[in-house]
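Listed here are the chains, written in short residue letters.
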Amino acid sequence: MNIAQLKSYLLESNRWQKVLFGLPVIALVGMLWLDHSGVPVELGQTVYRPDMPRGACQPDLLSGDTGETYGEETENGINYNVRTPKNYDASIAHPLLLVFSPAGANRAKTEKMTGFTLPATRSGFIVAYADHPELSPSTTVELGTIPHAMAKKWCIDEKQVYVTGHSDGGTSAMALAFMTGTRHIPTAIAPSAAGVTYEDLRDRKCPEPLPVMIIHSSKDRLFPGYGQQTAGWWAACNKCEPIPDTIGNGCVAYSGCANGVKTVYCEGDKPHAQWPEQRSDAIINFFLHHHTNMYPAAARQ
């Protein structure tokens, strides 16, 4: 299925139209958010273990800087910022944490809001924060080009791409994982407050088993109950047991999933527009768990 077909399919979906209809509401909230460019960024120093394989990249062929990089841009003009560990080693392939912004927000505000930079870079991730484009299947595809573009400048393992985001950012993170043309990109996802329901997913072909952490609020009035619906669909796709187990802190986990992938649903009690800051470390740990299981010699604190 090509990009035009993906766009046509999704825009014809009643659910997707409702998501688009809700954009002005979210944008109104987003107008209150300021551009926090210039706020100091704290980077972590990771631990590169002696047994980690070097030579995955040739540093002299990569132009990406260590530390903070601003104003990277996709082919069609979506801007994103990049953060590396303080002691970034350009010969070692790093996992990528890709963070999508809510409607009305920008990459700088999203970095401040989520608080991912320090714990993620300390854990060995390179992080990219992308601006919010107008929500559509074609812009989701465009967001999905970021890992490959980054791999031309930084030493990134394109098989280790972890994607999260809030509201529209969560919708794009989830869509990247289920759309036919992009489902190969994410290694794991953790969408928050996504505007996707079971109806959007019901007739879709399941992707390969994928680690998924769905985060939603019981007080989300814009997308009420969406998180529980999509968590059930992903659990079925991952061939998990249908009844989840309570694991605490508002979270449940499905057991027996194919290939041992984790499928988790976490529910909070904040309004839709508020990022669940108490989940930021849990998201990093969820992604890091998968990465270190796949690559036992990966950097970890």
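Residues numbered from 1 in each chain as written. Predicted model: local features only at pLDDT ≥ 70, side-chain atom pairs only at ≥ 80, totals over all residues. Heavy atoms only, no water.

In the annotation of an unreviewed UniProt entry, the entry for the protein chain reads Poly(3-hydroxybutyrate) depolymerase, and the organism field reads Methylomonas aurea.

Enquirer: Explain the sheet that holds strand E2 (residues 79–83) here, please?
Expert: Strand pairing in a sheet relies on backbone hydrogen bonds, with the paired strands running either antiparallel or parallel. Judged by pairing direction, the sheet is mixed, and its 10 strands sit side by side in the order E1-E2-E4-E3-E5-E6-E7-E10-E9-E8 without closing on themselves. Two strands in the sheet have a free side with no partner beyond their single neighbour: strand E1 (68–73) and strand E8 (245–248). For this sheet, the mean inter-axis angle between neighbouring strands, taken without regard to orientation, is 20°. Where helix H4 (residues 107–114) meets the sheet, its contacts fall on E1, E2, strand E3 (94–100), strand E4 (126–130) and strand E5 (156–166), and the angle it forms with E4 comes to roughly 125°. (Pairing = 2+ DSSP bridges. Helix = DSSP H or I, 4+ residues; strand = E, 2+ residues; numbered from the N terminus. Axes fitted to C-alpha atoms, helices over the stretch in contact; angles between N-to-C directions. Contact = heavy atoms within 4.5 Å.)

Enquirer: Would you mind showing me how to read the side chain of Thr69 here?
Expert: Secondary-structure assignment places Thr69 in strand E1. If we skip the residues at most four places from it in the chain, Thr69 touches Asn81, Val82, Arg83 and Trp154.

Enquirer: Honestly, the state of the cysteines in this entry has me stumped. Any pointers?
Expert: Within the structure shown, the criterion is met by four disulfides. Between Cys206 and Cys237 runs a disulfide, and the two sulfur atoms are separated by 2.0 Å. Between Cys206 and Cys237 the disulfide shows an S-S torsion of about -70°. By sign, it is left-handed. Of this pair, Cys206 sits in the loop between helix H9 (198–201) and strand E7 (212–217) while Cys237 sits in helix H10 (residues 226–237), and the two are 31 residues apart along the sequence. On the basis of relative accessible area, Cys206 is assigned to the partly exposed category, the value being 34%. Paired through a disulfide, Cys240 and Cys257 show a sulfur-sulfur distance of 2.0 Å. Where Cys240 bonds to Cys257 through sulfur, the torsion about that S-S bond is close to 110°, and the disulfide is right-handed. Placement of the pair is Cys240 in the loop between H10 and E8 and Cys257 in the loop between strand E9 (251–254) and strand E10 (263–268), with a sequence separation of 17 residues. Neither residue differs from the other here; Cys240 and Cys257 are each classed as buried. Described in terms of the sequence order of its bonded cysteines, the disulfide pattern of the protein chain is 1-2, 3-4, 5-7, 6-8. (Disulfide = S-S within 2.5 Å. Buried < 20%, exposed > 50% of the residue type's maximum accessible area, 1.4 Å probe, protein only.)

Enquirer: Help me understand H4 in this model?
Expert: Helical geometry note: an α-helix holds 3.6 residues per turn, so side chains three or four residues apart project in the same direction. With seven of eight residues buried, H4 is to be regarded as a mostly interior element. Taken together, the buried positions of H4 are occupied by Arg107, Ala108, Lys109, Thr110, Glu111, Met113 and Thr114. Its side-chain oxygen placed 3.1 Å from the backbone nitrogen of Ala108, Asn106 serves as the N-cap of H4. Looking one or two residues beyond H4, the residue adopting positive phi is Gly115, at roughly 70°. (Polar contact = N/O pair within 3.5 Å; in protein donor to acceptor, adjacent residues only side chain to side chain.)

Enquirer: Teacher, can you tell me more about the packing of aromatic side chains here?
Expert: In this description, a pair of aromatic rings is defined by centroid distance and the angle of the planes. A complete count under the given rule lists six aromatic pairs for this structure. Taking the centre distance of 5.1 Å and the plane angle of 40° together, the rings of Tyr162 and Phe287 count as tilted. Remark: Phe287 occurs in helix H11 (residues 280–294) and Tyr162 occurs in strand E5; sequence separation between them is 125 residues. For the pair shown, Tyr162 and Phe287 are each scored as buried. Look at Trp233 and Trp234: their rings are 4.9 Å apart centre to centre, the planes differ by 85°, and that puts the pair in the edge-to-face class. Trp234 matches Trp233 in its accessibility class, with the two residues each being buried. Through successive ring pairs, a cluster of aromatic residues spans Phe125, Tyr162, Phe286 and Phe287. (Phe/Tyr/Trp six-rings, centres within 6.5 Å; stacked < 30°, edge-to-face > 60°.)

Enquirer: Is there a simple way to think about the environment of Ile78 in this case?
Expert: Relative to the assigned elements, Ile78 resides in the loop between E1 and E2. With a relative accessible area of 8%, Ile78 lands in the buried category. Residues Ile78 and Leu143 lie 65 residues apart in sequence; the distance between their C-alpha atoms is 7.6 Å. If sequence neighbours within four positions are ignored, Ile78 has contacts with Glu72, Glu73, Asp131, Pro133, Thr139, Glu142 and Leu143.

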